[in-house]
2 protein chains.
Amino acid sequence: MAVTTGGIIKTVGITIAFGLISEVCYQSYLWWKKKYRTPIPKKKKQECEVLFFPDNRVACKSHFIGEGCGKLGCHFSHEPNSLSKLFEYLTKARKSLDVCVFVFTCSSLADILVEAHKKGVVVRVITDDEQVDVSNSQIWKLRKEGIIVRTDRSSFFMHHKFVVVDQAFLMNGSFNWTNQAITGNQENLMITYSTDLVQQYSQEFDKLWKQFNPQNFIS
Amino acid sequence: MAVTTGGIIKTVGITIAFGLISEVCYQSYLWWKKKYRTPIPKKKKQECEVLFFPDNRVACKSHFIGEGCGKLGCHFSHEPNSLSKLFEYLTKARKSLDVCVFVFTCSSLADILVEAHKKGVVVRVITDDEQVDVSNSQIWKLRKEGIIVRTDRSSFFMHHKFVVVDQAFLMNGSFNWTNQAITGNQENLMITYSTDLVQQYSQEFDKLWKQFNPQNFIS
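Please read all numbers here as calculations on a predicted model, not as lab measurements.

Student: When you look at the sheet that holds strand β7 (residues 187-192) of chain A in this model, what are you seeing that I'm missing?
Tutor: Sheet strands associate in pairs through backbone hydrogen bonding, adopting either a parallel or an antiparallel arrangement. Sheet architecture is open: 7 strands sit in the order β1-β7-β6-β5-β2-β3-β4 (chain A), paired in mixed fashion. What marks the edges here is a single partner per strand, and that holds for β1 (48-53) and β4 (148-151) of chain A. Recorded for the sheet is a direction-independent mean angle of 15° between the axes of neighbouring strands. Pairing analysis gives 6 bridges linking β1(A) to β7(A), with the strands arranged antiparallel. In the sheet register, A:Leu51 faces β7(A), and the bridge partner there is A:Leu189. Running over the sheet, helix α4 (residues 82-90) of chain A touches β1, β2 (96-101), β5 (161-165), β6 (169-173) and β7 of chain A and is turned about 135° from β1(A). Together, β1 and β7 of chain A form the strand contacts of helix α8 (residues 195-211) of chain B, whose direction differs from that of β1(A) by roughly 15°.

This is how it looks when you write it as C-alpha coordinates:
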(Lines give C-alpha, C1' and ligand atoms only; values in the text may rest on other atoms or scores of the structure.)
Protein backbone atom coordinates (compact mmCIF):
# COMPACT_ATOMS: atom_id res chain seq x y z
CA MET A 1 0.00 0.00 0.00
CA ALA A 2 3.07 2.28 -0.17
CA VAL A 3 2.73 5.52 -2.14
CA THR A 4 5.40 5.53 -4.83
CA THR A 5 6.61 8.41 -7.01
CA GLY A 6 5.31 6.52 -10.06
CA GLY A 7 1.89 6.25 -8.47
CA ILE A 8 1.68 10.00 -7.74
CA ILE A 9 2.77 10.93 -11.28
CA LYS A 10 0.22 8.54 -12.72
CA THR A 11 -2.55 9.94 -10.50
CA VAL A 12 -1.77 13.54 -11.44
CA GLY A 13 -1.51 12.57 -15.11
CA ILE A 14 -4.89 10.82 -15.14
CA THR A 15 -6.52 13.70 -13.26
CA ILE A 16 -5.23 16.30 -15.75
CA ALA A 17 -6.22 14.08 -18.68
CA PHE A 18 -9.72 13.65 -17.24
CA GLY A 19 -10.00 17.40 -16.68
CA LEU A 20 -8.97 18.11 -20.25
CA ILE A 21 -11.35 15.53 -21.73
CA SER A 22 -14.17 16.92 -19.58
CA GLU A 23 -13.44 20.47 -20.80
CA VAL A 24 -13.26 19.38 -24.44
CA CYS A 25 -16.60 17.58 -24.08
CA TYR A 26 -18.22 20.62 -22.47
CA GLN A 27 -16.92 23.05 -25.10
CA SER A 28 -18.07 20.70 -27.87
CA TYR A 29 -21.52 20.62 -26.30
CA LEU A 30 -21.61 24.46 -26.18
CA TRP A 31 -20.53 24.65 -29.83
CA TRP A 32 -23.23 22.13 -30.85
CA LYS A 33 -25.86 23.96 -28.81
CA LYS A 34 -24.95 27.31 -30.38
CA LYS A 35 -24.93 25.88 -33.88
CA TYR A 36 -28.06 23.76 -33.79
CA ARG A 37 -30.24 24.77 -30.86
CA THR A 38 -30.20 28.59 -30.63
CA PRO A 39 -33.26 30.02 -32.46
CA ILE A 40 -32.21 31.65 -35.71
CA PRO A 41 -32.93 35.41 -35.57
CA LYS A 42 -34.10 35.32 -39.20
CA LYS A 43 -37.10 33.29 -38.15
CA LYS A 44 -38.12 36.01 -35.72
CA LYS A 45 -37.80 38.62 -38.45
CA GLN A 46 -40.20 36.71 -40.65
CA GLU A 47 -42.88 37.00 -37.96
CA CYS A 48 -43.94 40.41 -39.21
CA GLU A 49 -44.12 42.28 -42.49
CA VAL A 50 -45.41 45.72 -43.42
CA LEU A 51 -47.18 46.57 -46.68
CA PHE A 52 -47.02 50.24 -47.57
CA PHE A 53 -49.33 51.81 -50.13
CA PRO A 54 -49.91 53.36 -52.68
CA ASP A 55 -48.91 50.81 -55.29
CA ASN A 56 -48.09 52.17 -58.73
CA ARG A 57 -50.63 49.86 -60.38
CA VAL A 58 -53.36 47.47 -59.26
CA ALA A 59 -52.08 43.88 -59.05
CA CYS A 60 -53.60 41.25 -61.35
CA LYS A 61 -55.54 38.86 -59.12
CA SER A 62 -55.54 36.03 -61.67
CA HIS A 63 -51.79 36.25 -62.08
CA PHE A 64 -51.00 36.04 -58.37
CA ILE A 65 -53.63 33.77 -56.86
CA GLY A 66 -55.83 32.52 -59.70
CA GLU A 67 -55.16 30.10 -62.51
CA GLY A 68 -52.77 32.55 -64.14
CA CYS A 69 -53.52 35.50 -66.41
CA GLY A 70 -53.88 34.63 -70.07
CA LYS A 71 -54.89 38.10 -71.23
CA LEU A 72 -52.72 39.66 -73.88
CA GLY A 73 -51.78 43.18 -72.82
CA CYS A 74 -53.37 42.78 -69.36
CA HIS A 75 -53.42 46.28 -67.91
CA PHE A 76 -53.01 45.09 -64.31
CA SER A 77 -49.61 44.64 -62.69
CA HIS A 78 -47.82 41.29 -62.89
CA GLU A 79 -44.97 42.59 -60.72
CA PRO A 80 -45.28 41.77 -56.99
CA ASN A 81 -46.47 44.74 -54.94
CA SER A 82 -48.33 45.41 -51.69
CA LEU A 83 -51.73 44.38 -53.08
CA SER A 84 -50.40 41.14 -54.56
CA LYS A 85 -48.97 40.29 -51.13
CA LEU A 86 -52.32 41.10 -49.52
CA PHE A 87 -53.99 38.71 -52.03
CA GLU A 88 -51.52 36.00 -51.03
CA TYR A 89 -51.99 36.53 -47.29
CA LEU A 90 -55.80 36.36 -47.59
CA THR A 91 -55.71 33.16 -49.63
CA LYS A 92 -53.70 31.45 -46.88
CA ALA A 93 -56.99 31.11 -44.95
CA ARG A 94 -58.07 27.49 -44.42
CA LYS A 95 -60.47 27.84 -41.48
CA SER A 96 -61.56 31.42 -40.77
CA LEU A 97 -61.40 34.99 -41.99
CA ASP A 98 -62.55 37.63 -39.48
CA VAL A 99 -62.64 40.93 -41.38
CA CYS A 100 -63.31 44.20 -39.56
CA VAL A 101 -63.10 47.08 -42.03
CA PHE A 102 -64.57 50.58 -42.20
CA VAL A 103 -64.95 50.99 -46.00
CA PHE A 104 -65.20 48.02 -48.38
CA THR A 105 -65.51 48.93 -52.07
CA CYS A 106 -62.71 46.88 -53.70
CA SER A 107 -64.26 44.11 -55.82
CA SER A 108 -61.16 41.89 -56.13
CA LEU A 109 -60.84 41.72 -52.33
CA ALA A 110 -64.56 40.88 -52.07
CA ASP A 111 -64.04 38.11 -54.66
CA ILE A 112 -61.31 36.58 -52.48
CA LEU A 113 -63.72 36.45 -49.51
CA VAL A 114 -66.44 34.88 -51.67
CA GLU A 115 -64.02 32.26 -53.03
CA ALA A 116 -62.84 31.43 -49.49
CA HIS A 117 -66.45 31.17 -48.31
CA LYS A 118 -67.24 28.74 -51.16
CA LYS A 119 -64.26 26.60 -50.14
CA GLY A 120 -65.66 26.27 -46.61
CA VAL A 121 -63.66 28.98 -44.83
CA VAL A 122 -65.85 30.65 -42.17
CA VAL A 123 -65.92 34.30 -43.30
CA ARG A 124 -67.33 36.95 -40.94
CA VAL A 125 -67.36 40.65 -41.81
CA ILE A 126 -67.96 43.69 -39.59
CA THR A 127 -68.29 47.13 -41.16
CA ASP A 128 -69.70 50.60 -40.56
CA ASP A 129 -73.45 50.90 -41.17
CA GLU A 130 -73.08 54.20 -43.03
CA GLN A 131 -70.60 52.64 -45.47
CA VAL A 132 -72.87 49.77 -46.52
CA ASP A 133 -74.64 51.73 -49.24
CA VAL A 134 -71.85 53.92 -50.60
CA SER A 135 -70.99 53.73 -54.29
CA ASN A 136 -69.28 50.40 -55.19
CA SER A 137 -69.89 48.95 -51.74
CA GLN A 138 -69.16 45.21 -51.82
CA ILE A 139 -71.31 44.44 -48.79
CA TRP A 140 -74.40 43.43 -50.75
CA LYS A 141 -72.36 41.11 -52.97
CA LEU A 142 -70.98 39.40 -49.86
CA ARG A 143 -74.46 39.07 -48.34
CA LYS A 144 -75.87 37.73 -51.61
CA GLU A 145 -73.21 35.00 -51.56
CA GLY A 146 -74.16 34.00 -48.01
CA ILE A 147 -71.43 35.77 -46.04
CA ILE A 148 -72.75 37.28 -42.81
CA VAL A 149 -71.95 40.98 -42.45
CA ARG A 150 -72.71 42.84 -39.23
CA THR A 151 -72.70 46.62 -38.71
CA ASP A 152 -72.48 48.99 -35.76
CA ARG A 153 -75.80 50.79 -36.31
CA SER A 154 -74.34 53.87 -34.66
CA SER A 155 -73.66 57.45 -35.72
CA PHE A 156 -70.05 56.87 -34.68
CA PHE A 157 -67.60 55.00 -36.89
CA MET A 158 -66.78 51.31 -36.83
CA HIS A 159 -63.35 52.50 -37.85
CA HIS A 160 -61.15 49.39 -37.48
CA LYS A 161 -59.29 48.00 -40.47
CA PHE A 162 -58.02 44.59 -39.35
CA VAL A 163 -58.27 40.93 -40.33
CA VAL A 164 -57.53 37.81 -38.32
CA VAL A 165 -56.73 34.80 -40.52
CA ASP A 166 -57.13 31.26 -39.11
CA GLN A 167 -56.49 32.68 -35.64
CA ALA A 168 -52.88 32.48 -36.81
CA PHE A 169 -51.97 35.94 -38.01
CA LEU A 170 -53.27 39.50 -37.91
CA MET A 171 -53.29 42.24 -40.55
CA ASN A 172 -53.85 45.75 -39.17
CA GLY A 173 -53.27 49.36 -40.14
CA SER A 174 -54.82 52.36 -41.85
CA PHE A 175 -55.78 50.47 -45.01
CA ASN A 176 -59.47 50.47 -46.00
CA TRP A 177 -60.49 47.97 -48.70
CA THR A 178 -60.86 50.53 -51.48
CA ASN A 179 -59.18 51.18 -54.81
CA GLN A 180 -58.23 54.65 -53.59
CA ALA A 181 -56.30 53.09 -50.70
CA ILE A 182 -54.48 50.78 -53.13
CA THR A 183 -53.20 53.25 -55.74
CA GLY A 184 -53.85 56.70 -54.26
CA ASN A 185 -53.42 57.11 -50.52
CA GLN A 186 -50.48 56.81 -48.14
CA GLU A 187 -51.44 53.68 -46.18
CA ASN A 188 -49.93 50.87 -44.15
CA LEU A 189 -50.92 47.31 -43.35
CA MET A 190 -48.87 45.40 -40.80
CA ILE A 191 -48.88 41.59 -40.73
CA THR A 192 -47.91 39.87 -37.50
CA TYR A 193 -47.91 36.28 -36.22
CA SER A 194 -47.58 37.41 -32.58
CA THR A 195 -49.96 35.12 -30.68
CA ASP A 196 -50.47 37.83 -28.09
CA LEU A 197 -51.66 40.36 -30.69
CA VAL A 198 -53.68 37.81 -32.66
CA GLN A 199 -55.48 36.86 -29.46
CA GLN A 200 -56.28 40.45 -28.47
CA TYR A 201 -57.71 41.34 -31.88
CA SER A 202 -59.65 38.05 -32.04
CA GLN A 203 -61.24 38.85 -28.70
CA GLU A 204 -62.11 42.34 -29.92
CA PHE A 205 -63.65 40.86 -33.05
CA ASP A 206 -65.74 38.39 -31.04
CA LYS A 207 -66.85 41.19 -28.69
CA LEU A 208 -68.02 43.36 -31.59
CA TRP A 209 -69.59 40.37 -33.39
CA LYS A 210 -71.81 39.77 -30.35
CA GLN A 211 -72.43 43.49 -29.80
CA PHE A 212 -73.57 43.99 -33.41
CA ASN A 213 -75.82 40.93 -33.49
CA PRO A 214 -79.03 42.13 -35.23
CA GLN A 215 -81.03 40.59 -32.36
CA ASN A 216 -79.70 43.37 -30.12
CA PHE A 217 -81.29 46.02 -32.34
CA ILE A 218 -84.83 44.64 -32.38
CA SER A 219 -87.01 47.10 -30.54
CA MET B 1 8.09 2.83 -9.90
CA ALA B 2 6.11 -0.36 -9.17
CA VAL B 3 2.33 -0.13 -9.58
CA THR B 4 0.80 -1.12 -6.25
CA THR B 5 -2.80 -2.07 -5.42
CA GLY B 6 -3.00 1.04 -3.17
CA GLY B 7 -1.87 3.24 -6.05
CA ILE B 8 -4.52 1.86 -8.40
CA ILE B 9 -7.32 2.28 -5.81
CA LYS B 10 -6.18 5.84 -5.15
CA THR B 11 -6.09 6.66 -8.87
CA VAL B 12 -9.59 5.26 -9.47
CA GLY B 13 -10.88 7.09 -6.36
CA ILE B 14 -9.48 10.45 -7.41
CA THR B 15 -10.78 9.98 -10.95
CA ILE B 16 -14.31 9.19 -9.74
CA ALA B 17 -14.19 12.10 -7.26
CA PHE B 18 -13.05 14.47 -10.00
CA GLY B 19 -15.79 13.22 -12.30
CA LEU B 20 -18.42 13.77 -9.62
CA ILE B 21 -17.16 17.29 -8.76
CA SER B 22 -17.09 18.16 -12.47
CA GLU B 23 -20.70 16.93 -12.88
CA VAL B 24 -21.87 18.84 -9.79
CA CYS B 25 -20.22 22.04 -11.09
CA TYR B 26 -21.80 21.62 -14.53
CA GLN B 27 -25.28 20.94 -13.14
CA SER B 28 -24.94 23.95 -10.80
CA TYR B 29 -24.01 26.08 -13.79
CA LEU B 30 -27.05 24.85 -15.71
CA TRP B 31 -29.30 25.59 -12.72
CA TRP B 32 -27.84 29.10 -12.37
CA LYS B 33 -28.17 29.74 -16.10
CA LYS B 34 -31.83 28.65 -16.10
CA LYS B 35 -32.63 30.72 -13.04
CA TYR B 36 -30.85 33.94 -13.90
CA ARG B 37 -29.97 34.02 -17.58
CA THR B 38 -32.90 32.61 -19.55
CA PRO B 39 -35.09 35.48 -20.84
CA ILE B 40 -38.34 35.59 -18.89
CA PRO B 41 -41.31 35.06 -21.25
CA LYS B 42 -43.24 37.81 -19.44
CA LYS B 43 -40.77 40.34 -20.75
CA LYS B 44 -41.60 39.32 -24.32
CA LYS B 45 -45.29 39.74 -23.62
CA GLN B 46 -44.72 43.29 -22.43
CA GLU B 47 -43.24 44.15 -25.82
CA CYS B 48 -46.65 44.97 -27.21
CA GLU B 49 -49.93 46.37 -25.97
CA VAL B 50 -53.18 47.25 -27.69
CA LEU B 51 -55.42 50.18 -26.78
CA PHE B 52 -59.01 49.76 -27.90
CA PHE B 53 -61.42 52.65 -28.11
CA PRO B 54 -64.01 54.10 -27.42
CA ASP B 55 -63.33 55.07 -23.82
CA ASN B 56 -66.37 55.79 -21.68
CA ARG B 57 -65.01 59.21 -20.72
CA VAL B 58 -62.11 61.45 -21.74
CA ALA B 59 -59.09 60.97 -19.44
CA CYS B 60 -57.92 63.94 -17.33
CA LYS B 61 -54.53 64.94 -18.71
CA SER B 62 -53.45 66.78 -15.53
CA HIS B 63 -54.25 63.75 -13.41
CA PHE B 64 -52.22 61.31 -15.47
CA ILE B 65 -49.22 63.23 -16.75
CA GLY B 66 -49.42 66.73 -15.31
CA GLU B 67 -48.92 68.04 -11.81
CA GLY B 68 -52.11 66.35 -10.63
CA CYS B 69 -55.70 67.52 -10.92
CA GLY B 70 -56.85 69.80 -8.15
CA LYS B 71 -60.29 70.52 -9.60
CA LEU B 72 -63.22 69.68 -7.40
CA GLY B 73 -65.75 67.68 -9.39
CA CYS B 74 -63.43 67.39 -12.43
CA HIS B 75 -65.61 66.02 -15.18
CA PHE B 76 -62.77 64.14 -16.87
CA SER B 77 -61.92 60.54 -15.99
CA HIS B 78 -59.36 59.79 -13.25
CA GLU B 79 -59.63 56.05 -13.91
CA PRO B 80 -56.95 54.63 -16.26
CA ASN B 81 -58.27 54.04 -19.78
CA SER B 82 -56.94 53.86 -23.34
CA LEU B 83 -56.43 57.64 -23.65
CA SER B 84 -54.60 57.88 -20.30
CA LYS B 85 -52.24 55.14 -21.52
CA LEU B 86 -51.72 57.03 -24.78
CA PHE B 87 -50.84 60.15 -22.74
CA GLU B 88 -48.28 58.11 -20.80
CA TYR B 89 -46.74 56.56 -23.90
CA LEU B 90 -46.33 59.95 -25.60
CA THR B 91 -44.70 61.53 -22.54
CA LYS B 92 -42.03 58.81 -22.57
CA ALA B 93 -40.39 60.71 -25.46
CA ARG B 94 -36.94 62.08 -24.61
CA LYS B 95 -35.44 62.58 -28.07
CA SER B 96 -37.97 62.43 -30.90
CA LEU B 97 -41.65 62.19 -31.76
CA ASP B 98 -42.44 61.38 -35.39
CA VAL B 99 -46.21 61.75 -35.76
CA CYS B 100 -47.97 60.75 -38.99
CA VAL B 101 -51.72 61.23 -38.59
CA PHE B 102 -54.62 61.85 -40.98
CA VAL B 103 -56.90 63.99 -38.75
CA PHE B 104 -55.62 65.97 -35.76
CA THR B 105 -58.28 67.87 -33.80
CA CYS B 106 -57.69 66.74 -30.19
CA SER B 107 -56.29 69.65 -28.15
CA SER B 108 -54.90 67.62 -25.22
CA LEU B 109 -52.82 65.50 -27.60
CA ALA B 110 -51.59 68.69 -29.31
CA ASP B 111 -50.63 70.07 -25.87
CA ILE B 112 -48.49 66.99 -25.21
CA LEU B 113 -46.57 67.58 -28.47
CA VAL B 114 -46.08 71.27 -27.60
CA GLU B 115 -44.82 70.42 -24.10
CA ALA B 116 -42.41 67.83 -25.54
CA HIS B 117 -41.19 70.37 -28.12
CA LYS B 118 -40.54 72.93 -25.34
CA LYS B 119 -38.52 70.32 -23.44
CA GLY B 120 -36.25 69.82 -26.47
CA VAL B 121 -37.80 66.71 -27.99
CA VAL B 122 -37.61 66.91 -31.80
CA VAL B 123 -41.27 66.80 -32.86
CA ARG B 124 -42.14 66.27 -36.54
CA VAL B 125 -45.71 66.00 -37.80
CA ILE B 126 -47.06 64.81 -41.15
CA THR B 127 -50.75 65.18 -41.92
CA ASP B 128 -53.22 65.38 -44.79
CA ASP B 129 -53.40 68.78 -46.48
CA GLU B 130 -57.21 68.73 -46.64
CA GLN B 131 -57.42 68.16 -42.89
CA VAL B 132 -55.30 71.18 -41.92
CA ASP B 133 -58.20 73.64 -41.94
CA VAL B 134 -61.05 71.49 -40.61
CA SER B 135 -62.92 72.65 -37.51
CA ASN B 136 -60.77 72.31 -34.32
CA SER B 137 -57.66 71.41 -36.35
CA GLN B 138 -54.62 71.58 -34.05
CA ILE B 139 -52.16 72.03 -36.90
CA TRP B 140 -51.98 75.82 -36.65
CA LYS B 141 -51.40 75.66 -32.89
CA LEU B 142 -48.48 73.30 -33.47
CA ARG B 143 -47.04 75.55 -36.19
CA LYS B 144 -47.47 78.64 -34.00
CA GLU B 145 -45.41 76.90 -31.30
CA GLY B 146 -42.62 76.17 -33.77
CA ILE B 147 -43.36 72.53 -34.57
CA ILE B 148 -42.82 71.74 -38.24
CA VAL B 149 -45.84 70.15 -39.91
CA ARG B 150 -45.65 68.83 -43.46
CA THR B 151 -48.57 67.80 -45.68
CA ASP B 152 -49.04 65.67 -48.78
CA ARG B 153 -50.51 68.41 -51.04
CA SER B 154 -52.42 65.75 -52.95
CA SER B 155 -56.06 64.97 -53.63
CA PHE B 156 -55.40 61.50 -52.17
CA PHE B 157 -55.24 60.91 -48.43
CA MET B 158 -52.16 60.92 -46.22
CA HIS B 159 -54.08 58.30 -44.30
CA HIS B 160 -51.49 56.87 -41.87
CA LYS B 161 -52.07 57.05 -38.12
CA PHE B 162 -48.75 56.12 -36.54
CA VAL B 163 -46.14 57.55 -34.19
CA VAL B 164 -42.53 56.55 -33.65
CA VAL B 165 -41.22 57.56 -30.22
CA ASP B 166 -37.45 57.91 -29.65
CA GLN B 167 -36.90 55.36 -32.43
CA ALA B 168 -37.73 52.92 -29.63
CA PHE B 169 -41.38 52.06 -30.05
CA LEU B 170 -44.20 52.40 -32.54
CA MET B 171 -47.89 53.18 -32.09
CA ASN B 172 -50.07 52.26 -35.07
CA GLY B 173 -53.70 51.54 -35.89
CA SER B 174 -56.97 53.09 -37.00
CA PHE B 175 -56.93 55.85 -34.37
CA ASN B 176 -57.04 59.46 -35.62
CA TRP B 177 -56.25 62.14 -33.05
CA THR B 178 -59.82 63.33 -32.57
CA ASN B 179 -62.30 63.43 -29.71
CA GLN B 180 -64.70 61.32 -31.76
CA ALA B 181 -62.07 58.58 -31.99
CA ILE B 182 -61.58 58.70 -28.21
CA THR B 183 -65.15 58.40 -26.96
CA GLY B 184 -67.24 57.54 -30.03
CA ASN B 185 -65.68 55.25 -32.60
CA GLN B 186 -64.49 51.65 -32.56
CA GLU B 187 -60.72 52.12 -32.87
CA ASN B 188 -57.43 50.41 -32.11
CA LEU B 189 -53.89 51.54 -31.42
CA MET B 190 -51.16 48.94 -31.17
CA ILE B 191 -47.90 49.67 -29.33
CA THR B 192 -44.85 47.59 -30.22
CA TYR B 193 -41.15 47.69 -29.33
CA SER B 194 -40.24 45.37 -32.23
CA THR B 195 -37.06 46.89 -33.66
CA ASP B 196 -37.94 45.52 -37.07
CA LEU B 197 -41.31 47.29 -37.15
CA VAL B 198 -39.97 50.50 -35.58
CA GLN B 199 -37.30 50.63 -38.26
CA GLN B 200 -39.73 50.09 -41.15
CA TYR B 201 -42.13 52.81 -39.96
CA SER B 202 -39.22 55.18 -39.24
CA GLN B 203 -37.98 54.71 -42.78
CA GLU B 204 -41.49 55.34 -44.12
CA PHE B 205 -41.71 58.50 -42.03
CA ASP B 206 -38.34 59.76 -43.29
CA LYS B 207 -39.35 58.98 -46.88
CA LEU B 208 -42.59 60.97 -46.56
CA TRP B 209 -40.84 63.77 -44.65
CA LYS B 210 -38.50 64.27 -47.63
CA GLN B 211 -41.29 63.78 -50.19
CA PHE B 212 -43.48 66.43 -48.51
CA ASN B 213 -40.69 68.99 -48.12
CA PRO B 214 -42.28 72.33 -49.19
CA GLN B 215 -39.25 72.89 -51.46
CA ASN B 216 -40.59 70.11 -53.69
CA PHE B 217 -43.83 72.01 -54.30
CA ILE B 218 -42.32 75.29 -55.45
CA SER B 219 -43.19 75.72 -59.10
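That was the structure; now back to the text.
Student: Help me out: how do you make sense of the domain arrangement of chain A in this one?
Tutor: It is common to report an interface's size as the accessible area lost on association of the parts. Domain boundaries assigned for chain A yield domain 1 (1-43) and domain 2 (48-217). Taking only C-alpha atoms, the centre of domain 1 of chain A and the centre of domain 2 of chain A are 59 Å apart.

Student: Please clarify how the packing of helix α4 (residues 82-90) of chain B against helix α5 (residues 107-118) of chain B should be interpreted in this entry.
Tutor: Pairs of packed helices are described in terms of their axes, by the angle between the two and the distance that separates them. All names here are of chain B. Relative to each other, α4 and α5 sit at 15°, their axes nearing to 10 Å. Compared by their axis directions, α4 and α5 come out roughly parallel. Relative to α5, the crossing made by α4 is right-handed. Residue-level inspection shows Leu-83, Leu-86, Phe-87 and Leu-90 of α4 in contact with α5, the latter providing Ser-108, Leu-109 and Ile-112. A breakdown of the residues in the contact of α4 with α5 according to their chemical character gives 6 nonpolar, 1 polar and no charged.

Student: Please explain the interface of chain B and chain A as it appears in this structure.
Tutor: On the side of chain A, 48 residues touch chain B, which itself brings 48 residues to the contact. For the pair chain B and chain A, the summed buried area comes to about 4,200 Å², and 61% of that belongs to carbon and sulfur atoms. If you sort the residues of chain B by the area they bury against chain A, B:Phe52, B:Gln186 and B:Met190 come out on top, with a joint share of 15%. Where chain B packs against chain A, one counts 0 salt bridges. Counting residues per element, the ones that place at least two in the side of chain B that touches chain A are α1 (5-37), α2 (41-45), β1 (48-53), β5 (161-165), β6 (169-173), β7 (187-192) and α8 of chain B. Per element, the largest residue contribution to the side of chain B that touches chain A is 11 residues, and it comes from α1(B).

Student: Would you explain the pattern of salt bridges in this entry?
Tutor: Where charged atoms of side chains with opposite charge meet at close range, the side chains can pair. Residue and element names in this part refer to chain B. Scanning the model with the defined rule gives 14 salt bridges over all chains in all. In this structure, Lys-85 and Glu-49 form a salt bridge, with 3.4 Å as the shortest nitrogen-oxygen distance. Note that Lys-85 is positioned in helix α4 and Glu-49 in strand β1, a separation of 36 residues in sequence. Residue classification places Lys-85 among the partly exposed positions, given a relative accessible area of 33%. The partner of Asp-98 in a salt bridge is Arg-124, and the shortest N-O contact between them spans 2.9 Å. In this pair, Asp-98 is assigned in strand β2 (residues 96-101) and Arg-124 in strand β3 (residues 122-127), connecting sequence segments 26 residues apart. Here Asp-98 falls in the buried class, since its relative accessible area comes to 3%. Judged by its relative accessible area of 18%, Arg-124 falls in the buried class.

Student: Could you clarify how one ought to interpret the side chain of A:Ser137 in this entry?
Tutor: All names here are of chain A. Within the secondary structure, Ser-137 sits in the loop between β3 (122-127) and α6 (139-144). Residue class for Ser-137 comes out buried when judged on its relative accessible area of 15%. Polar side-chain contacts of Ser-137 include one of 3.3 Å to the backbone nitrogen of Ile-139. The contacts of Ser-137, once residues within four sequence positions are left out, are Phe-104, Thr-105, Gln-131 and Val-132.

Student: Would you mind showing me how to read the side chain of A:Asn81 here?
Tutor: All names here are of chain A. Within the fold, Asn-81 resides in the loop between α3 (61-65) and α4. Its relative accessible area of 14% is what places Asn-81 among the buried residues. Discounting residues that sit within four places of it in the chain, Asn-81 has contacts with Asp-55, Arg-57 and Ala-59.

Student: Is there a simple way to explain the relation of the copies chain B and chain A in this structure?
Tutor: The relation between the two copies of this chain is a rotation about an axis and a shift parallel to it. Aligned on chain A, chain B shows an RMSD of 0.8 Å; the corresponding rotation is 180° and the shift along the axis is 0.7 Å. Between the two chains, the operation in question is that of a two-fold axis. Mapped onto chain A, 100% of the interface residues of chain B again fall at the interface, so both copies present the same surface.

Student: Mind showing me how you'd approach unusual backbone geometry here?
Tutor: Peptide bonds are mostly trans, and most non-glycine residues show a negative phi. All names here are of chain A. The linkage connecting Phe-53 with the following residue, Pro-54, adopts the cis geometry, with an omega of 10°. Structurally, the position occupied by Pro-54 is in the loop between β1 and α3. In the Ramachandran plot, Asp-166 falls in the positive-phi region, its phi being about 55° despite a non-glycine side chain. Relative to the helices and strands, Asp-166 is located in the loop between β5 and β6.

Student: Quick question: what am I supposed to make of the environment of B:Asn136 here?
Tutor: Here B:Asn136 lies in the loop between β3 and α6 (139-144). Apart from residues lying up to four places away in sequence, B:Asn136 is in contact with B:Phe104 and B:Thr105.

What counts and what doesn't
Residues numbered from 1 in each chain as written. Chains lettered and ligands numbered in written order. Predicted model: local features only at pLDDT ≥ 70, side-chain atom pairs only at ≥ 80, totals over all residues. Heavy atoms only, no water. Pairing = 2+ DSSP bridges. Helix = DSSP H or I, 4+ residues; strand = E, 2+ residues; numbered from the N terminus. Axes fitted to C-alpha atoms, helices over the stretch in contact; angles between N-to-C directions. Contact = heavy atoms within 4.5 Å. Domains from an automatic or database assignment. Parallel < 35°, antiparallel > 145°, perpendicular 65-115°, else oblique. Left-handed = near helix turned anticlockwise from the far one by under 90°. Nonpolar A, V, L, I, M, F, W, Y, C, P; charged D, E, K, R; others polar. Buried area = accessible area lost by both parts, 1.4 Å probe. Salt bridge = Lys/Arg side-chain N within 4 Å of Asp/Glu carboxyl O. Buried < 20%, exposed > 50% of the residue type's maximum accessible area, 1.4 Å probe, protein only. Polar contact = N/O pair within 3.5 Å; in protein donor to acceptor, adjacent residues only side chain to side chain. Least-squares fit on C-alpha atoms with pLDDT ≥ 70 in both.

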